[in-house]
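# Notes for the structure review
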Amino acid sequence: MLRAALVGLPSAGKTTLFQLMTSVKETAGGGFGKTEVQVGIARVPDVRLDRLTALFNPKKHIPATVEFTDIVGATGSTQSLVDVTAYRNADALLHVVRAFRDPSVPAPRETIDPARDIQAVEDELMLADLGIAEKRLERLAKDLKKGKNAELERERDVLTACRAALEEGKPLRTLSLSNDDIKRLRGFQFLSAKPLLIVINLDEADLTGPGGSAAAIERMALAGIGGHTATRLVAVCAKIELEIAQLDPADAKSFLADLGLAESGLDRVIRASYDLLGYISFFTVGEDENRAWSIPRGTNAQLAAGEIHSDIQRGFIRAEVVSCEPLLQRGSLAACRENAEIRLEGKEYVVQDGDVINFRHAT
Ligand SMILES: Nc1nc2c(ncn2[C@@H]2O[C@H](COP(=O)(O)OP(=O)(O)OP(=O)(O)O)[C@@H](O)[C@H]2O)c(=O)[nH]1
Ligand SMILES: [Mg+2]
């Protein structure tokens, strides 16, 4: 399960967006003072799966999902970032930034300044990481005095590089590290190393004003941020999303069209979280069930089979693969077969986004 945790300053709209994006909520203690952790599941919108479902008309239709965590009563301080395990356990962080003006909702820093708030939270993430890196380096220095140890020395060197980056104000996600070093650091769960999705919670007026949300992002001098390593930026307007959520789907569609939007901002946030994590979807289809499965990009066919069941991975013989585009165009697997569009692939085949797969396996 892919996990993303919401961070941000108070009254940015985290809980509002969380509630709009997710269902199946459960609340658990967060392990820090009075904080509570709310967990919810969001379905990843995917038109390909919708179209496959229209084609096969299966009994069940199961989309890919992302789990979001909202921390109730977190202050956004360095200490809470260090202490709330939900942040550490997340695969990605989603920073909700206040850009809506509404004077009836007090802003924690009086003025509305998204660029400043983005940097402020980034600083908190880096400060939290710096504390952890320094503590570990002190410990390592003590241990290395007792005797040489190549692995501990390597760990010290990597952490020293991390500390230097953090002191220069560079988040750890910008470092290019070897896979071995990434493994060495994994246990620390550094927050500034996690992929970051910045969600700008726009004012209603920004969506409908000249140039729409893109112009608003430009005015806030945020346009470049989405290009940073492992960072994306999307804009939503929680207030409008709330209104859309109360409409039935057909009305919602025409409402979006009136605003000049193709899809709801929430869909874009969920989708962007999924892409940011480096995940792709393959599909299984049939009369009973059409389903999207999540795998990291670059996964081979045998490992992908294990996503469905360990028995299928173990007994893997081969994969029958067709991309969903030709399948959707031809309208049936039989037609694809006649046109030699179904390929037989072995264990090492690297599964592609949008592949429709039938695994042949020994039982
Ligand atoms: N006008 C306007 N109000 C909004 C928008 N988004 C959220 N709000 C309001 O702002 C207030 C704070 O929103 P929350 O979603 O609770 O913010 P939060 O980030 O979870 O805040 P904390 O949990 O206190 O850190 C609520 O009253 C929301 O209704 C928006 O886009 N426009
Ligand atoms: Mg909240």
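Residues numbered from 1 in each chain as written. Chains lettered and ligands numbered in written order. Predicted model: local features only at pLDDT ≥ 70, side-chain atom pairs only at ≥ 80, totals over all residues. Heavy atoms only, no water.

### Digging into helix H9 (residues 212-219)
Quick reminder of the rule: Accessibility here uses a 1.4 Å probe with only protein chains present; expressed as a share of the type maximum, an area under 20% marks a residue as buried, one over 50% as exposed, and anything in between as partly exposed. Put simply, DSSP marks the helices as runs of H or I at least four residues long and the strands as runs of E at least two long, and each gets a number from the N terminus on. Taken from the helix axis, the directions to the C-beta atoms give the arc we talk about. Should any heavy atoms of two residues lie within 4.5 Å, those residues are considered in contact.
Listed as buried for H9 are Gly212, Ala216 and Ile217. Burial along H9 is one-sided: seen end-on, the buried residues are contained in an arc of 150°. Set apart from the buried face of H9 by more than 90 degrees, the exposed residues are Ala214 and Glu218. Buried-residue contacts for H9 involve strand S7 (196-201), helix H8 (204-208) and strand S8 (231-236). Of the residues one or two after H9, Ala221 is the one with positive phi, at around 60°.

### Here's the deal with unusual backbone geometry
Despite not being glycine, Glu110 has its phi angle at roughly 65°, a positive value. As for its position among the elements, Glu110 is in the loop between strand S6 (92-98) and helix H5 (114-146). For Glu110, a relative accessible area of 76% gives the class exposed. Of note, Ala230 is a non-glycine position whose phi angle comes to about 55°, a positive value. Along the chain, Ala230 falls in the loop between H9 and S8.

### As for the site of ligand 1
Let me state the cut-off plainly: By convention in this text, a residue qualifies as near a molecule or strand provided that one of its non-hydrogen atoms is within 4 Å of it. For the purposes of these results, a polar contact is taken to be a pair of N or O atoms within 3.5 Å, where, inside protein, one atom must be able to donate a hydrogen and its partner to accept one; residues adjacent in sequence count only when each atom of the pair is a side-chain atom. Values of accessible area rely on a 1.4 Å probe in the Shrake-Rupley scheme; residue burial ignores everything except the protein chains shown.
By nearness alone, 15 residues border ligand 1, and Ser11, Lys14, Thr15, Thr16 and Asp102 come closest of all. Between ligand 1 and Thr15 there is a distance of 2.8 Å, counted from an oxygen atom to a side-chain nitrogen or oxygen. Contacts to ligand 1 include Lys239, whose backbone N or O atom sits 3.3 Å from an oxygen atom. With the chains in place, 71% of the 650 Å² that ligand 1 exposes on its own is no longer accessible. Going through the elements one at a time, helix H1 (14-21) and helix H10 (238-245) are the ones with two or more residues in the shell around ligand 1.

### Considering the packing of aromatic side chains
What counts here: In this analysis, rings of Phe, Tyr and Trp, with Trp reduced to its six-membered ring, are considered paired at centre separations within 6.5 Å, and the interplanar angle assigns stacked below 30 degrees, edge-to-face beyond 60, and tilted for intermediate values. Remark: a charge is flagged as sitting over a ring if the NZ atom of Lys or the CZ atom of Arg is within 6 Å of the ring centre and within 35 degrees of the ring normal.
Summed over the entire model, instances satisfying the criterion amount to 5 aromatic pairs. On the numbers, 6.4 Å between centres and 45° between planes, the contact of Tyr274 with Tyr279 is tilted. A residue is classified by how much of its surface remains accessible, and Tyr274, at 0% relative accessible area, is buried. Plain terms: the ring middles of Phe282 and Phe359 are 6.0 Å apart, the flat faces sit at 85° to each other, and that makes the pair edge-to-face. With Phe282 in strand S9 (residues 279-284) and Phe359 in strand S13 (residues 355-361), this pair connects stretches of sequence that are 77 residues apart. Among the aromatic residues, ring-to-ring pairing joins Phe282, Trp293, Phe316 and Phe359 into one connected group. Against the face of Trp293 rests Arg291, its NZ or CZ located 4.0 Å from the ring centre.

### Section: the nonpolar core
Note the cut-off: Residues belong to a common nonpolar core when they are buried Ala, Val, Leu, Ile, Met, Phe, Trp, Tyr or Cys residues joined through side-chain atoms within 4.5 Å.
In terms of nonpolar packing, the biggest core is built from 37 residues, with Phe68, Leu94, Leu197, Val199 and Val269 touching the most fellow members. Take this core: its biggest share by element is 6 residues, from helix H12 (residues 265-276). Leave out the neighbours within four places in its chain, and Phe68 touches Ala4, Leu6, Phe18, Met21, Thr22, Gln38, Val39, Gly40, Ala42, Leu94, Ile270 and Ser273.

### Remarks on the packing of helix H6 (residues 150-167) against helix H7 (residues 179-186)
The axes of two packed helices give the description: the angle between them and the distance between them. Put simply, the test is: Working convention: axes come from line fits to C-alpha atoms, limited for helices to the stretch in contact. Angles between N-to-C directions cover 0 to 180 degrees. Roughly parallel means an angle under 35 degrees; roughly antiparallel means over 145; roughly perpendicular covers 65 to 115; every other angle is labelled oblique. Nonpolar residues are Ala, Val, Leu, Ile, Met, Phe, Trp, Tyr, Cys and Pro. Charged residues are Asp, Glu, Lys and Arg, and all others, Gly as well, are polar.
Interhelical geometry of H6 versus H7 gives an angle of 85° and a closest axis separation of 10 Å. Classified by the angle between their axes, H6 and H7 sit roughly perpendicular to one another. On H7, the residues touching Glu151, Arg154, Glu155, Val158, Leu159 and Cys162 of H6 are Asp181, Arg184 and Leu185. Residues of the contact of H6 with H7, tallied by class, amount to 4 nonpolar, no polar and 5 charged.

### Overview of the domain arrangement of the chain
We count it as follows: For each domain, the first and last residues come from an automatic or database assignment. When two components associate, each loses some accessible surface as probed by a 1.4 Å sphere; the sum of these losses over both components is called the buried area.
Considered domain by domain, the chain is made up of domain 1 (2-111 + 194-276), domain 2 (122-192) and domain 3 (298-361). Placing a centre on the C-alpha atoms of domain 1 and another on those of domain 3 gives a separation of 32 Å. Of the residues lining the interface, 5 residues belong to domain 1; the matching set on domain 3 comes to 9 residues. In total, about 650 Å² of surface goes out of reach between domain 1 and domain 3, with carbon and sulfur atoms giving 69% of it. Ranking the residues of domain 1 by area buried against domain 3 places Arg48, Arg51 and Leu55 at the top, with a combined share of 68%.

### Some remarks on the pairing of strand S11 (residues 316-323)
So the rule is basically this: When DSSP finds two or more bridges between two strands, those strands count as paired.
Relative to S13, S11 runs antiparallel, the two sharing 7 bridges. From the neighbouring strand, Arg318 faces S13, where its bridge partner is Arg360. Of the pairings in the sheet, the one linking S11 to strand S12 (residues 343-345) comprises 3 bridges and is antiparallel in character. Note that in S12 the partner of Glu320 across the bridge is Leu344.

### As for the packing of H1 against H12
At their nearest, the axes of H1 and H12 sit 10 Å apart, and the two run at 90° to each other. Relative to H12, H1 is oriented roughly perpendicular. Residue-level inspection shows Leu17, Leu20 and Met21 of H1 in contact with H12, the latter providing Leu266, Val269 and Ile270.

### Describing the side chain of Asn201
Structurally, Asn201 can be placed in strand S7. Within the local environment of Asn201, its side chain forms a polar contact with the backbone oxygen of Ala12, the two atoms lying 3.0 Å apart. Setting aside residues no more than four positions away along its own chain, Asn201 makes contact with Ala12, Gly13, Val96, Val97, Arg98, Ala99, Phe100, Val236, Cys237 and Ala238.

### Observations regarding the side chain of Glu345
With respect to the element layout, Glu345 can be found in strand S12. A distance of 2.8 Å separates a polar atom in the side chain of Glu345 from a polar atom in the side chain of Arg343. Apart from the residues within four sequence positions on either side, Glu345 is in contact with Phe316, Arg318, Ala319 and Val321.

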